[in-house]
Amino acid sequence: MADHRIIHSVIFTLKHEAGSSEEQAFLEDGRAILSSIPTVQQFKVFNQVSPKNDYRFGFSMLFEDEQAYTAYNEHPLHVAFVSERWEKEVSQFSEIDYKEH
C-alpha cells in the first residue's frame, strides 16, 4: 500500500579525489551491490548540485514497507558494504527516511 512505502535517501561526500577512478568505483559498486538486495526498489545515484551544502552525491531507494526496509538494513550485502566501503570511503553524510504522505 502506497502510504506505507519508505524512501531512504543519503547524501554524502567521499574521501576520494573528485573525478577519480576510486570515486567512480564507489558509486558504481554502491549501485550494483545495494540495488541487488531484493527489497530495494528504484535505486538511484545522484550528483548533488545545490550550493547550499557541501555534499557531493546521493543514493535514494524505495521500500514497500517497514519490513522491507528492515530486511535491507539487515541484509548481508548492505552490512558488508557499510563496513567494508562506506565506513572507509565516506567522509561525511546525512540520511533521511520518508514515509509517503
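Our structure is the block above this text.
Residues numbered from 1 in each chain as written. Predicted model: local features only at pLDDT ≥ 70, side-chain atom pairs only at ≥ 80, totals over all residues. Heavy atoms only, no water.

Draft legend 1. Summary view of the layout of surface pockets. Considered as a void within the structure, the largest pocket measures approximately 200 Å³ in volume. Lining the largest pocket are 14 residues, and of these His8, His78, Val82, Trp86 and Glu95 sit closest to its centre. Broken down by secondary-structure element, the contributors of at least two residues to the lining of the largest pocket are strand S1 (6–14), strand S3 (57–63), helix H2 (66–74), helix H3 (76–89) and strand S4 (90–99). Here the lining of the largest pocket takes 4 residues from H3, the largest share from any one element. Here the residues of the lining of the largest pocket are counted per class, giving 10 nonpolar, 3 polar and 1 charged. (1 Å grid on protein atoms, 1.4 Å probe; cavity = no way out; pocket = protein on both sides within 12 Å on 5 of 7 lines; lining within 4 Å. Points joined across faces, edges and corners; volume = space filled by probe spheres on them. Helix = DSSP H or I, 4+ residues; strand = E, 2+ residues; numbered from the N terminus. Nonpolar A, V, L, I, M, F, W, Y, C, P; charged D, E, K, R; others polar.)

Draft legend 2. Examining H3 more closely. Taking 1.5 Å of rise per residue, the 14 residues of H3 would be expected to cover 20 Å, and the 19 Å separating its terminal C-alpha atoms lies within 8% of that figure. Where H3 bends most, at Val82, the angle is about 40°. Considered for burial, the residues of H3 that qualify are His78, Phe81, Arg85, Trp86 and Glu89. Considering only its buried residues, H3 is in contact with S1, helix H1 (21–35), S3, H2 and S4. (Expected span 1.5 Å × (residues − 1). Bend = angle between axes of the 7 residues up to and from the residue. Buried < 20%, exposed > 50% of the residue type's maximum accessible area, 1.4 Å probe, protein only. Contact = heavy atoms within 4.5 Å.)

Draft legend 3. Fine view of the pattern of salt bridges. In this structure the tally under the stated criterion is 3 salt bridges. Between Arg85 and Asp29 there is a salt bridge, with the nearest N and O atoms lying 2.6 Å from each other. Linking Arg85 in helix H3 with Asp29 in helix H1, this pair joins segments that are 56 residues apart in sequence. We classify Arg85 as buried; its relative accessible area is 19%. A salt bridge links Arg85 to Glu89; the nearest nitrogen and oxygen atoms lie 2.3 Å apart. Of this pair, Arg85 and Glu89 are both found in helix H3, 4 residues apart, which corresponds to roughly one turn of the helix. Note on Glu89: relative accessible area 12%, which makes it buried. (Salt bridge = Lys/Arg side-chain N within 4 Å of Asp/Glu carboxyl O.)

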